[in-house]
Amino acid sequence: MKISLFRPLRAEVLAVCLSLLLVLFFNIPFWQRLYGIVSPLDAHGVKMLGLAFVLVTAFFSLLLQLLVWPKIGKPLLTALLLTTAGVSYFMSQYGVLIDMNMVRNAMQTDGAEVRDLLTVKMVLTVLLLGGLPSLWLWKTPVLYRPPLRELGVRVVALLVSAGVLVAVAMVGYQDFASLFRNNRELRFALTPTNYLQATSSYIKRVTAKPAVLQKVGEDASRTAPWPAGSKPRVLVIVVGETARADHFSLNGYPRQTNPQLARIPGLINYPDTWSCGTETAISVPCMFSALPREKFDADEAKHRENLLDILQRTGIQVAWRDNNSGCKEVCNRVPTEMVFGDKNPAFCADGECFDDILLDGLPQRLKALKGDAVIVLHQKGSHGPAYYKRDPKAYERFTPVCRTSELQKCSRQDIINGFDNTILYTDAILAKTIAALQAEPAVAGGMIYLSDHGESLGENNMYLHATPYLVAPDAQKHIPMVAWFSPAWQQAAGMQQACLQQGSKQRYSQDNLFHSVLGLMGVKTALYEAPLDMFATCRRPG
Ligand SMILES: [Zn+2]
């Protein structure tokens, strides 16, 4: 008999073959993680790896037995192979896990971010890992029996897969129970189930019946105004992107990444500040929400008013200017300028803009203001993996710099160099923001800067962010925060600089922003909690 690679296969055999293929070649990140957990490899470790192998193969076989049918089988399996190859590449390249938030991220990302991630290596991997098996699949004739008989055989195949699954689960129950309890991230590393499950929960969430906007802080009003004759107060909130607290020289980083902020008199640095999430889509809505991190839900937040709605309701002018990829629904009801796709050659190239575009026109805007205002500037900051694209040439002080999105191609130091240059640039942006406020004599200016989350830069071979919060390293959660208030603001509010400096050493989180801004802007509402207001104890009681 002639043995051929493309010999005809029964459908149920094809399902098992493809399951083995997925387990062995598409799940290297999963096996690496599992190996890391069970090593050093003793007899128990070998048993765990062996049982896991049978368990996962039986599980995939159970799923694939459901897909192999005449006409639809091959297209479905091809789509599965190609997508899974892409996801597998992404996981091994960046050490990331795939959960619903990662899918949300992917759906909300903009064209430029996608271009950063699409590399030649990715295309090649998808073609090799997904394309070759697809080719084999199309050249292999699949033998189907008459419909009823085929159905019967498939039910048996399903029962066998399920039986093996249950048997292995029972043999290794104790071990697997503690393994998965202590390492919940493992299921986010197993593909294709990770992204299939995450996508289905994401679709369920976004197609849920449209919720009515939940009003928040309807009782809000302005409290006692500043002394007669005071200038209007203008607070600029700079929402950072992917900046790490421990890469700010203000926080003791040995490289001088904050040369300009360090020279600003009265700047207040908060070295112990923590994010609400590990990704933009959670942290940004969370920091503007009245809810603390423990009670915050990103999907509910979409239909819930936030700090900006409350400020606007009391007559404060609110504006949001965005060089990121949008405001994650936070700015839906306030005046907004999305400048990230701008073509202004002074700041932008290849569809992306440097953060200087956020400051374009700021002096004129400050001059035109009538009354108190809160302006939010949403940075592109240190968004990876293409750190080298974030800062103009003049800020490329730490070299050599990794010049590709394929971080694995670069040394860790070159990646860190690229990242540190983005911090140096953010330092300049913040200093320019303060300078613009100082330059406008008609307003009392203040600025608060905080990053949305941090970034892994190769610690434990982990890169980027969006790791599930519970298991995320501090690098993704410890964020920089600074504040500055003009002498006019401090005088009018009766704020004591020494007190502000003293209070800055406490532990803070993004939960503090909501209450601190209400306090600063003199807004009274039952939602306000003075203990969460970072400035309350340093201010003349109002
Ligand atoms: Zn972010």
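None of these values were measured; they are calculated from a predicted model.

### Thoughts on the overall build of the protein chain
Across its full length, the protein chain carries 19 helices and 18 strands. Out of the 542 residues in the protein chain, the part that is buried amounts to 56%. Working note: accessible area of the protein chain is about 23,700 Å², and carbon and sulfur atoms make up 62% of it. Mean positive and mean negative side-chain charge positions of the protein chain (54 and 45 charges, respectively) differ by 5 Å.

### Points about the coordination of the zinc ion
Taken together, Glu241 (OE), Glu241 (OE), Thr280 (OG1), Asp452 (OD) and His453 (NE2) make up the protein donors of the zinc ion, found 2.0 to 2.8 Å from the metal. In the primary structure, the donors to the zinc ion are separated according to the pattern E-x38-T-x171-D-H. Of this pair, Thr280 sits in helix 12 (residues 280–288) while Asp452 is found in the loop between strand 12 (444–450) and strand 13 (456–457), placing the two residues 172 residues apart along the sequence.

### Some words on the sheet that holds strand 8 (residues 336–338)
Within the open sheet, the seven strands sit side by side as 5-16-12-4-11-7-8. Their pairing is mixed. Where the open sheet ends on each side, the last strands, each with one partner, are strand 5 (268–269) and strand 8. Pairing between strand 4 (residues 233–239) and strand 12: seven bridges, direction parallel. Following the sheet pairing, Arg233 is matched in strand 12 by Ala444. The strands touched by helix 12 within the sheet are strand 4, strand 7 (317–322), strand 11 (373–378) and strand 12, with strand 4 carrying the most contacts at an inclination of about 160°. Along the sheet, helix 16 (residues 412–439) makes contact with strand 4, strand 11, strand 12 and strand 16 (481–485), crossing strand 12 at roughly 165°.

### A short note on the nonpolar core
Nonpolar side chains in soluble globular proteins generally cluster together in the buried interior. Residues Leu14, Leu34 and Met447 are the most contacted members of the largest nonpolar core, which totals 101 residues. Looking at this core, the element that brings in the most residues is helix 16, giving 13 residues. Counting 47 residues, the second-largest nonpolar core is a separate cluster that includes Val374, Val376, Leu450 and Trp489.

### Observations regarding the side chain of Gln93
With respect to the helices, strands and loops of the structure, Gln93 is situated in helix 4 (residues 73–94). Residue classification places Gln93 among the buried residues on the basis of a relative accessible area of 4%. What Gln93 contacts, discounting residues up to four positions off in sequence, is Lys121, Glu406, Leu407 and Gln408.

### Here we look at unusual backbone geometry
Most peptide bonds take the trans configuration, and most residues that are not glycine carry a negative phi. The step from Thr191 to Pro192 runs through a cis peptide bond, and the omega angle for that step is 15°. Mapped onto the elements, Pro192 comes out in the loop between helix 10 (186–189) and helix 11 (193–207). Put simply, Thr399 and Pro400 share a cis peptide bond, and its omega is -5°. Mapped onto the elements, Pro400 comes out in the loop between strand 11 and helix 16. If you check the backbone angles, Lys71 has positive phi at about 70° while not being a glycine. Following the sequence through the fold, Lys71 ends up in the loop between helix 3 (43–65) and helix 4. You will see that Leu464, though not glycine, has its phi angle at about 60°, which is positive.

### With respect to the state of the cysteines
Inspection of the entire model under this criterion finds five disulfides. Covalently, Cys276 is tied to Cys286 through a disulfide, its sulfur atoms 2.0 Å apart. Every disulfide takes its handedness from the sign of the S-S torsion; for Cys276 and Cys286 that torsion is 80°, giving right-handed. Remark: Cys286 occurs in helix 12 and Cys276 occurs in the loop between strand 6 (273–274) and helix 12; sequence separation between them is ten residues.

### A closer look at the pairing of strand 16
Burial within strand 16 is extensive, with five of its five residues counted as buried. Burial of strand 16 is two-sided: the residues Met481, Ala483 and Phe485 facing one way and the residues Val482 and Trp484 facing the other way are all buried. Where strand 5 meets strand 16, two bridges bridge the pair, whose relative direction is antiparallel. Bridge pairing in strand 16 places Asn269 opposite Val482. Where strand 12 and strand 16 come together, five bridges link them in antiparallel fashion. Bridging from a neighbouring strand, Tyr449 pairs with Val482 of strand 16.

The rules behind these values
Residues numbered from 1 in each chain as written. Predicted model: local features only at pLDDT ≥ 70, side-chain atom pairs only at ≥ 80, totals over all residues. Heavy atoms only, no water. Helix = DSSP H or I, 4+ residues; strand = E, 2+ residues; numbered from the N terminus. Buried < 20%, exposed > 50% of the residue type's maximum accessible area, 1.4 Å probe, protein only. Areas by Shrake-Rupley, 256 points an atom, 1.4 Å probe, with all protein chains shown as cover. Lys, Arg positive; Asp, Glu negative; His and termini not counted. Charge placed at Lys NZ, Arg CZ, Asp CG, Glu CD. Donors = N, O, S within 2.8 Å, 3.2 Å for Na, K, Ca; no water. Pairing = 2+ DSSP bridges. Contact = heavy atoms within 4.5 Å. Axes fitted to C-alpha atoms, helices over the stretch in contact; angles between N-to-C directions. Core = buried A, V, L, I, M, F, W, Y, C linked by side-chain atoms within 4.5 Å. Disulfide = S-S within 2.5 Å.

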